[in-house]
Amino acid sequence: MKCNRSSLAVAALVSLLGVGACGGQEQPGPPRWRVEVIGSSPHDPRAFTQGLEVVDGVRYESTGMWGVSSARAADQATGVETARVDLPGNLFGEGMTKAGGIVWQITWQDHVAIARDPVTLAETGRAEYEGEGWGVCAQPQRLVMSDGTPTLTFRDPVTFAKTGSVTLSGYPSPQPNELDCAPDGTVYANNYPSDEILRIDPETGRVLAVIEAGGLLTAGERAGTDVLNGIAHLPGTDRFLLTGKYWPRMFEVRFVPK
């Protein structure tokens with residue numbers, strides 16, 4: 001049976017839900033994975049976590065909110081903080097990543113990325129960009145940045161200049177927030193404001209898997225906190241660190257297909 005004009009209009013609507021208007025067949029979405037918790041450790045409950053990354057044994061964390069935004073570094077093995085720099089009160093910190101000899105920290109609506117020394121976190125330069133800044137991570141030859149839309153932007157790791165972009169597909173209304181560039185070339189993104197993490201092919205924008213990460217905190221711990229945000233691959237392992245804004249704990253986890 002052929003579709004008429006009305007059914008074509010319906011098809012345009014229900015395609016967002018992955019259902020064929022004429023054939024009635026549901027289109028397969030990305031596979032669902034789950035989180036396997038290996039362990040947990042204390043996390044600063046005053047930290048409005050925006051960026052999290054582990055490189056060369058150092059855990060970098062960026063925090064947000066006006067007047068209290070910061071860039072932090074800690075020894076991953078011991079958790080001991082080795083450096084902290086507060087942002088000017090008018091800047092709202094967002095994601096952070098290490099690219100070669102630069103640690104880049106972006107800001108929310110201030111259109112500025114701050115280049116930092118990877119040891120002291122002292123500011124060494126700035127770069128401007130259009131739009132909002134949410135998350136950022138580093139691949140070998142480029143940075144990947146989110147801005148609150150379904151589009152990821154690629155940037156030069158030295159100048160921060162835009163070099164390209166890709167729009168996500170295969171999942172309805174994604175809002176990638178904090179990003180992690182994994183060694184296999186995929187990108188993991190906290191899907192704001194949910195407890196889901198998206199596994200993304202940055203070459204095509206295709207969402208490869210949806211990881212369900214709810215229930216990490218107890219009901220008592222979750223009170224007074226904000227969303228899951230902060231994901232960092234642990235180099236040399238199949239594990240990741242997860243935390244959230246104002247969360248009292250950080251979790252070491254594996255992502256396991258259901």
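Let me sum up the structure you'll find in this document. The model shown is predicted, which means the values in this text are computed figures rather than measured ones.

### A word on the state of the cysteines
- What the rule picks out here adds up to one disulfide.
- With its sulfur 2.0 Å from that of its partner, Cys137 forms a disulfide with Cys181. Negative torsions about the S-S bond denote left-handed disulfides, and the value of about 60° found for Cys137 with Cys181 makes this one right-handed. In this pair, Cys137 sits in strand β10 (residues 136–139) while Cys181 sits in strand β14 (residues 176–181), placing the two residues 44 residues apart along the sequence.

### Some remarks on the pairing of β14
- Most of β14 is tucked away: six of the six residues are buried.
- As paired elements, β14 and strand β15 (residues 187–191) share four bridges and run antiparallel to each other. Residue pairing across strands places Leu179 opposite Ala189, the latter belonging to β15.

### A look at the sheet that holds β10
- What the four strands build is an open sheet, ordered β10-β11-β12-β13; its pairing is antiparallel. Each edge of the open sheet carries a strand with a single partner, namely β10 and β13 (162–167). Averaged over all adjacent pairs, the angle separating strand axes in this sheet is 25°, with direction ignored.
- The pairing of strand β11 (residues 142–146) with strand β12 (residues 151–155) spans four bridges and is antiparallel. Considered in β12, the bridge of Leu143 is made with Arg155.

About the cut-offs
Every chain begins its residue count from 1, and numbering advances along the sequence as written. Given that the model is predicted, a residue must reach a pLDDT of at least 70 before its local features are reported, and side-chain atom pairs must reach 80 or more before they are shown or counted; all residues, however, enter totals for whole chains, interfaces and linings. Remark: hydrogens and water are excluded; side-chain values derive from all non-hydrogen atoms of the structure. Put simply, a disulfide is two cysteine sulfurs that come within 2.5 Å. For the purposes of this entry, the term helix denotes a DSSP run of H or I that reaches at least four residues, the term strand denotes a run of E that reaches at least two, and both are numbered from the N terminus. Between buried and exposed lies partly exposed: a residue is buried under 20% and exposed over 50% of the maximum accessible area for its type, with that area taken using a 1.4 Å probe on protein chains only. Strands were regarded as paired on the criterion that DSSP finds at least two bridges between them. Angles run from 0 to 180 degrees between N-to-C directions of axes, and those axes are lines fitted to C-alpha atoms, restricted for helices to the stretch in contact.

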